[in-house]
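Examining the three-dimensional arrangement
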Amino acid sequence: MKHDLTFLLQQLKKPTLKFSILPSIDHSPSLASYIGGKPYMTKEEQFSSCKQCKKPLTFAYQLYMQKETESVLFAFYYCFHCQTIHKTNNFEMKMYRNPTKENMKQDVKKNAFIEYAEFEFHATWSLPEWDVLQSIHADVVEHLSKEFKDDAWVVYENTKESLVGLAHLEPFSFYKGYPQFLSEPRFPTCKCCKKPMDLFIQLDSYEEFGLSWGEMGCLYVFQCPKHENEFKIFIQ
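Rules behind the numbers
Residues numbered from 1 in each chain as written. Predicted model: local features only at pLDDT ≥ 70, side-chain atom pairs only at ≥ 80, totals over all residues. Heavy atoms only, no water. Helix = DSSP H or I, 4+ residues; strand = E, 2+ residues; numbered from the N terminus. Rg over C-alpha atoms; globule rule 2.2 N^0.38 Å. Buried < 20%, exposed > 50% of the residue type's maximum accessible area, 1.4 Å probe, protein only. Contact = heavy atoms within 4.5 Å. Pairing = 2+ DSSP bridges. Polar contact = N/O pair within 3.5 Å; in protein donor to acceptor, adjacent residues only side chain to side chain. 1 Å grid on protein atoms, 1.4 Å probe; cavity = no way out; pocket = protein on both sides within 12 Å on 5 of 7 lines; lining within 4 Å. Points joined across faces, edges and corners; volume = space filled by probe spheres on them. Nonpolar A, V, L, I, M, F, W, Y, C, P; charged D, E, K, R; others polar.

1. Focus: the overall build of the protein chain
Each helix and strand in the protein chain was counted, giving four helices and ten strands. For 236 residues, the compact-globule estimate of 2.2 N^0.38 gives 18 Å, and the protein chain sits close to it at 19 Å. When the backbone C-alpha atoms are referred to their principal axes, the protein chain occupies close to 60 × 35 × 35 Å. Across the 236 residues of the protein chain, 48% fall into the buried class. Residue pairs in contact within the protein chain that sit at least 24 positions apart in sequence constitute 69% of those at least 6 positions apart.

This is the structure we're talking about:
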């Protein structure tokens, strides 16, 4: 039976990039992954404004991903003036395919309160926490409960650890994979196709760099796998 569970969880595994935030010399804007500093922008771009309070959005972080056939850069802007855990449309995610230094704007306003720091990535695997499994794979939980009764959760956790180790422990920030919620699991749906969205990034607060989501909470950004320009966020 344990062999069957191992096989099942192998099918559920997702690759993820865990990352730490480390202080570094500010060379922004650049083609790199970092918080604070100056964002990558094309020469014709300007900062956008918050749809709620109309004040300029603040650049928070960017992710630069190099793939086999292309590179993609994501720049995330947020309104810290009206941020609450209940407001979810006070942000903008900009996506650039194959960005270049030649097309990069240099005279960009620097973030005034988030200290520049870079991402250090570590590739690993992700499996859902038990509460997330209950939310997205209720059939698996039902099967385990019938098979292992009250020990279902323990058996699942032990098998998960044998497959992905202690990947669920710190750092609490990562790109892709399964989210680790601080409270009740939430999976937004895409406004275009109405289907559940996948985790794009989970980003913790970093008080030492001046980055705080709400009262030292965690930011969850979701992306539709079909409509790649559709993002939703919330804070826990």
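And the narrative resumes.
2. Looking at the pairing of strand β10 (residues 231-235)
Of all five residues that make up β10, four are buried, and the element is covered over most of its length. Pairing analysis gives five bridges linking strand β9 (residues 218-223) to β10, with the strands arranged antiparallel. Directly across from Gln223, in β10, lies its bridge partner Phe231.

3. Let's talk about the side chain of Glu45
Here Glu45 lies in the loop between β2 (34-35) and β3 (58-66). Among the residues examined, Glu45 registers a relative accessible area of 15% and is labelled buried. In this structure the side chain of Glu45 is engaged in a polar contact, spanning 2.8 Å, whose partner is the side chain of Tyr96. When neighbours within four sequence positions are excluded, Glu45 is seen to be in contact with Lys94, Tyr96 and Lys105.

4. Some details on the sheet that holds strand β7 (residues 174-175)
Reading across from one edge, β5-β4-β3-β2-β6-β1-β7-β8-β9-β10 is the order of the ten strands in this open sheet, with antiparallel pairing throughout. The sheet is open, and its two borders are formed by β5 (91-97) and β10, each paired with just one other strand. In terms of strand pairing, strand β8 (residues 198-204) meets β9 through six bridges, oriented antiparallel. Note on β9: the bridge partner recorded for Asp204 is Cys218.

5. A closer look at the layout of surface pockets
One way to see where empty space is left: roll a probe the size of a water molecule over the atoms. A volume near 420 Å³ is recorded for the largest pocket. In terms of lining, the largest pocket is formed by 19 residues, of which the most central are Lys51, Phe91, Glu92, Lys191 and Phe231. Residue assignment for the lining of the largest pocket shows that the elements contributing at least two residues are β5 and β10. Of all the elements, β5 adds the most residues to the lining of the largest pocket, at five residues. Residue composition of the lining of the largest pocket, grouped by class: seven nonpolar, six polar and six charged.

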